[in-house]
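# Structural overview
Spelled out, the chains give:
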Amino acid sequence: MSRMERRCWWCLPVLSCLLQIFSAHSDFYTSIGHMTDLLYTEKDLVTSLKDYITAEENKLKQVKLWAEKLDVLSATAVQDPEGFLGHPVNAFKLMKRLNTEWGDLESLVLKDTTDGFISNLTLQRKHFPTDEDQTGAAKALLRLQDTYRLDTNIISTGDLPGVTHKSPMTVEDCFELGNIAYTEVDYYHTELWMEQALKQLDEGEESTVDKVTVLDYLSYAIYQQGELGRALELTKRLLILDPEHQRANGNLKYFEFQLIKQRKAQAEEAQKTQNEGKGRTKRQTSDASKKKMRFREPVPERKMYEMLCRGEGIKLTPRRQSRLFCRYYDNHSHPRYLLSPVKQEDEWDRPYIVRYHDIISHSEIEKVKELAKPRLRRATVHDPLTGKLTTALYRVSKSAWLTAYEHPLIDQVNQRIEDLTGLEMDTAEELQVANYGVGGQYEPHFDFGRKDEPDAFKELGTGNRIATWLFYMSDVAAGGATVFPDVGAVVWPKKGTAVFWYNLFLSGEGDYSTRHAACPVLVGNKWVSNKWIHERGQEFRRPCGLNETA
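Note that residues are indexed from 1 along each chain, following the sequence as it is written. For this predicted model, a pLDDT threshold of at least 70 governs which residues receive local features, and a threshold of 80 or more governs which side-chain atom pairs are given and counted, while totals over whole chains, interfaces and linings are taken from all residues. Excluded from the side-chain calculations are hydrogens and water; all other atoms, namely the structure's heavy atoms, are used.

An unreviewed UniProt entry lists the chain under the name procollagen-proline 4-dioxygenase, from Salvelinus namaycush. UniProt positions are given in the numbering used here, feature names are shortened, and annotations may be inferred rather than shown by experiment. If you open the UniProt record of the chain and go to Subcellular location (unreviewed entry), you find "Endoplasmic reticulum lumen". According to UniProt, the comment filed for the chain under the heading Function (unreviewed entry) is "Catalyzes the post-translational formation of 4-hydroxyproline in -Xaa-Pro-Gly- sequences in collagens and other proteins."

So, about the UniProt feature "repeat: TPR" (unreviewed entry) in the chain. Here, the residues flagged by UniProt with the feature "repeat: TPR" (unreviewed entry) are residues 212–245. Helix and strand assignments follow DSSP, with helices taken as H or I runs no shorter than four residues and strands as E runs no shorter than two, numbered in order from the N terminus. A distance of 9 Å separates the end C-alpha atoms of residues 212–245, which is 79% helix and 0% strand.

Moving on, we come to helix α14 (residues 301–309). Under the scheme applied here, a residue whose accessible area is under 20% of the maximum for its type counts as buried, over 50% as exposed, and between as partly exposed, the area being computed with a 1.4 Å probe on protein chains only. Taken together, the buried positions of α14 are M304, Y305, E306, M307, L308 and C309. Any pair of residues with heavy atoms lying within 4.5 Å of one another is described as a contacting pair. On the buried face of α14, the contacting elements are α6 (131–147), β9 (442–445), β12 (482–484), β13 (489–491) and β15 (516–518). A positive backbone phi angle near 85° is found at G311, which sits one or two residues after α14.

This part covers the state of the cysteines. Cysteine sulfur atoms are paired as a disulfide whenever they come within 2.5 Å of each other. Summed over the entire model, instances satisfying the criterion amount to 1 disulfide. The disulfide that involves C309 links it to C519, with 2.0 Å between the sulfurs. Since a negative S-S torsion denotes a left-handed disulfide, the C309-C519 link at about -90° is left-handed. With C309 in helix α14 and C519 in the loop between β15 and β16 (521–523), this pair connects stretches of sequence that are 210 residues apart.

Take the pattern of salt bridges next. Where charged atoms from two side chains of opposite charge come close, those side chains can pair. The working definition used for a salt bridge is a side-chain nitrogen of Lys or Arg within 4 Å of a carboxyl oxygen of Asp or Glu. For the structure on display, the rule yields 30 salt bridges. The salt bridge involving E233 is made with K236; its shortest N-O contact spans 4.0 Å. Of this pair, E233 and K236 both sit in helix α11 (residues 228–241), 3 residues apart, roughly one helical turn. Given the relative accessible area of 35%, K236 is considered partly exposed. Its salt-bridge partner being R327, residue D346 comes within 2.7 Å of it at the nearest N-O pair. Taken as a pair, D346 in strand β2 (residues 342–348) and R327 in strand β1 (residues 326–329) lie far apart in primary sequence, 19 residues in all. For R327, a relative accessible area of 28% gives the class partly exposed.

As defined here, a cavity is a set of points on a 1 Å grid over the protein atoms alone where a 1.4 Å probe fits but cannot get out. A pocket is an open set with protein on both sides within 12 Å along at least five of seven lines, and residues line them when an atom is within 4 Å of a point. Grid points are joined across faces, edges and corners, and a volume is the space filled by probe spheres set on the points. In this structure the tally under the stated criterion is 2 cavities of 30 Å³ or more. Its volume calculated, the largest cavity comes out at about 200 Å³. Around the largest cavity, the lining comprises 18 residues; the ones closest to its centre are Y436, Y442, H445, L470 and H516. Of all the elements in the fold, those that place two or more residues in the lining of the largest cavity are β8 (431–436), β9, β10 (465–472), β15 and β17 (527–534). When its volume is computed, the second largest cavity comes out at roughly 30 Å³. Forming the boundary of the second largest cavity are L141, L144, Q145, L150, I155, L160 and L522.

This part covers the nonpolar core. Grouped together as the largest cluster of nonpolar side chains are 47 residues, with contacts concentrated most on Y148, W193, V214, V483, C519 and L522. Counting only elements with at least two residues in this core, the list comes to α6, α8 (171–183), α9 (187–202), α10 (211–224), α11, α12 (246–277), α14 and β16. Look past the residues within four positions of W193 in its chain and what remains in contact with it is L142, Q145, T152, I155, S156, M169, C174, L177 and G178. By nonpolar core we mean a set of buried residues, namely Ala, Val, Leu, Ile, Met, Phe, Trp, Tyr and Cys, connected to one another through side-chain atoms within 4.5 Å. Formed by 36 residues, the second largest nonpolar core is a distinct cluster that contains Y329, V354, L423 and I533.

As a further point, take the confidence of the model for the chain. Here the chain averages 87 in pLDDT, and 89% of its residues register 70 or above. Residue range residues 1–24 is modelled with pLDDT below 50. Its contacts to residues more than four positions away, or to other chains, number 30 contacts. As a per-residue measure, pLDDT reflects the predictor's confidence and takes values from 0 up to 100. Segment residues 291–295: pLDDT under 50, and 0 contacts once partners within four positions in sequence are set aside and those in other chains are kept.

Dropping the structure here:
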């Protein structure tokens, strides 16, 4: 058995295990936890490839030695063929070489050393990421760029905040991002990334992508955004490189014609505005400005969400800040915490959000992750129309549900939540564990069912979601905050802590200020687990109130 064969035989059990894991996975880009498995797959393939290279090098080494030996022999023999063959040993060896040894050499040259590598690659390729994964990861990069207002060059150089493994992008990488944006009719990002690809080409980076191709995409993307002048200049630059470029020659004439029309229309509009503005007084202008200031429109939710993710936006006033405290908490002398109370911190006042520090240990976190990882699936949301679970583009993560009876630790965690909140866990949903992928996020949403969603949790038969408990099971190098856009609250992930808030008022009415979101993970790996606690069973633990919003 050759070394290559021994190597591949050894790989088969490992390969079998990996395939069992991968066969249950899809949407790799939605979970960093699952993407780590791909690194080990690639490492195994690289090892297999290196074995193939070694086998090829050994084969060529043998062929080279044979060729050098015969080169010397034949050079001597042809100088005096008859004299050379007059020696009976030389005659015998010639017969032997041509009849046997050249046949052995032919077998050596024809020997296929690719079998092990190709079979390994073919087997694992069935479980590689798909086009959807590549597109999903690309869109995630674009989403991160927008949310955190990142300069294209910063992303390309890999100089992101909190990174430990810096990874620059090639021209091909930048072009691919721009191309994916182009296929999505996203000309804004097409422009950004084609410009970056062109910049790197201008700086002398070698690439299989040429400037003509990049300029072709770039000029069209800029044209689609209404910048005819720039589109025309880029088209002219393209034609300097490739004067026969058919599409560029057609675009040149079209852009010139459209630019003339545009400038004429702008001149006419400017003249019209000037004529209409002559009768307007300075007082009218001033009054209009004051009116605009008085009736300033509220910040759109999307913009507020992104501002909060960047650490900007609403801040608590000193007066409100002074009402937030840290304390040792035993939940009214609960027997489990009377002698060892937990550390509780007020994060926000309205809605009231508290954080519990050192509430779950590292070993407990690792066990929860170990239990969850094999069953992670694309995270779902409740469809308000059907009341059923479905995947959604605005939630990029994978999740798994862990029941109390499958491991004692889960039962202990559930009991811990019950002891600290005073709420019944028998009617709560199972512990949900989530791992976020590339740019993983969960856009603004409510945890509770609204009045226009009467069937949101009908199948559970436990009423609405009264409260949310959220464990942070990892630190995140950058991004990944939990934000509440309506009130401006920002809660940053901290491993070993948990946050808790009520979704419903005492009256059972939904608290709309609890609308929240998970910001995109910029750098790092975010693991969380949460417990959604329901109304049934809380009748005596959290009695109803008569005030609708208290």
